[in-house]
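Working through the structure, step by step
These are the residues of each chain, in order.
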Amino acid sequence: MSQVHIKTKINGDNIEFLCDPEETLLDILRDKLHLTGTKEGCGTGDCGACSITLDGKLVCSCLVLGAEADNSEISTIEGMSNGEKLHPLQQKFLDHAALQCGVCTPGILVAAKSLLEKNPDPTESEVRYWLAGNLCRCTGYDKIIKAVLDAAKEMRS
Amino acid sequence: MRYVAAKSAEEASNFLLQETGVSRVLAGGTDVLVQMKSGMIEPDLIVDIKKIPGIRNITELDGFFRIGAAVSGSEVKDHENINKMLPGVVEALDLIGSTQIQGRCTMVGNLCNASPAADSVPALVAVNAKVNIIGPQGERSCNVEEIPIAPGKTSLKKGEFIVSVDIPYRPEFSSDAYLRFTPRTEMDIAVVSASVAIEMSKEGICENAKVVLGAVAPTVKIVGDASKEIVGTKLDESSLKKMSLKCVEICEPISDKRGTVEFRTEVAGVLASRAAKIAYKRAGF
Ligand code: FES
Ligand code: FES
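Rules used in this analysis
- Residues numbered from 1 in each chain as written.
- Chains lettered and ligands numbered in written order.
- Predicted model: local features only at pLDDT ≥ 70, side-chain atom pairs only at ≥ 80, totals over all residues.
- Heavy atoms only, no water.
- Domains from an automatic or database assignment.
- Contact = heavy atoms within 4.5 Å.
- Buried area = accessible area lost by both parts, 1.4 Å probe.
- Buried < 20%, exposed > 50% of the residue type's maximum accessible area, 1.4 Å probe, protein only.
- Helix = DSSP H or I, 4+ residues; strand = E, 2+ residues; numbered from the N terminus.
- Pairing = 2+ DSSP bridges.
- Right-handed = clockwise from strand over helix to strand, strands pointing away.
- Axes fitted to C-alpha atoms, helices over the stretch in contact; angles between N-to-C directions.

Notes on the domain arrangement of chain B
All names here are of chain B. Each assigned domain of chain B is listed with its residue range as follows: domain 1 (2–168) and domain 2 (174–282). Measuring from the centre of the C-alpha atoms in domain 1 to the corresponding centre in domain 2 gives 24 Å. Domain 1 puts 26 residues into the contact, and the matching count from domain 2 is 23 residues. Summing both partners gives a buried area of about 1900 Å² for domain 1 against domain 2, and 59% of it is carried by carbon and sulfur.

And the structure:
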């Protein structure tokens, strides 16, 4: 089986890797590049734990082949904070206790960030619809939604 | 498995033609990768079509929109003129999967997956969409409804794949609407669906109508008799009632965990009538 040579930019860094044609981008991020912030929940596009942005678009990395990522720009949760300084969304998640086990959190943060880039002033139901593909077994969602709305408010001011 | 990114439509068609094992076209991957993961398919060759020039573009041509096969659902949703002219198509696309899925999934993928419950298919059929196909014999085009022939099966021949969808512009005083029934509001699969496209005179009389049902038969159903009941009317209650009955008559659904035959049949009529009312309103009446 011939491996594919891929060049990408991940969180601003040029990164090259070799992958098998059937390897998903999620597996590559986690197992090859050791960017384990991105989680695997279902592996079939249902839970959103593996959310990343690919060329600016929010996608499930479990449904992208590594081979497809050639010449693309990828952002993961690891690129969200500015060094030690947390992104407002991350800070608000802490302030509102919007997580328990935390498995869904990186995906939700990445998804919420992409929402606020598109729509800095979303309504509660817009946030709920946007995040409908991010499942959380712990929080009951309420605190997540509050944290996102609060972060949006802070980022607007 | 091998992965190739085709540089032209002809090259992609050639790859598909030459492959002796199982091959799959990859655009958004939201069905193909799930099927690979679940072991439903084990492709020997994946042909990625996203690098083909123009295949990710929406163009406004003389009389119709041309939407490339690799344009994602969210890109269609964000297109201003498509929103204006084809709200029913947009709302069908908006119901497919989550935000993440919509960033990748394509209309052509939804069509070629050939699920009887595909959301965008009834909506595309209602507005007379056509697909352009490239294959070993060159180019051809056909109506959207000619593609799915049975659940999971399409009429595409070896080496053929769809490169774009053409949707005619809608005249003035016309509109469309898509409705589906699901137990949840999001992230679900249609139990029954209905799409209605109408063209009205400026006095508010229906001149042309197309009523299409999804998930009530192995493939999408065009209910010609239902359209006849509303043409020439102002979509008053009694014509809508007659239209609903024609929808009910044509249904041949299955019973499964999502719904029974009786439920699907009855709801098909209700949805068609509601969709017609929405389209009527959208057309400006
Ligand atoms: S792991 Fe990708 S959506 Fe669940
Ligand atoms: S915090 Fe545990 S799944 Fe969301």
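From this point on, the discussion continues.
Looking at the pairing of strand 3 (residues 45–48) of chain B
Residues and elements named next belong to chain B. Burial along strand 3 is two-sided: Leu 45 and Val 47 and Ile 46 and Asp 48, pointing in opposite directions, are all buried. As defined by bridge partners, strand 1 (residues 2–5) adjoins strand 3 across four bridges and the pair is classed as parallel. Directly across from Arg 2, in strand 3, lies its bridge partner Leu 45. Judged from the four bridges that link them, strand 2 (residues 23–26) and strand 3 form a sheet pairing that is parallel. Paired with Val 25 across the bridge in strand 3 is Val 47. This β-α-β element, strand 2 to helix 2 (residues 32–37) to strand 3, shows right-handed connectivity.

What to know about the sheet that holds strand 5 (residues 64–68) of chain B
Residues and elements named next belong to chain B. Read from one edge of the open sheet, five strands run 4-5-10-6-7, paired in antiparallel fashion. Looking at strand neighbours, the two that pair on one side only are strand 4 (58–60) and strand 7 (138–143), the edges of this open sheet. The sheet shows a mean angle of 25° between the axes of neighbouring strands, direction not considered. Note that strand 5 and strand 10 (residues 161–168) share five bridges and pair antiparallel.

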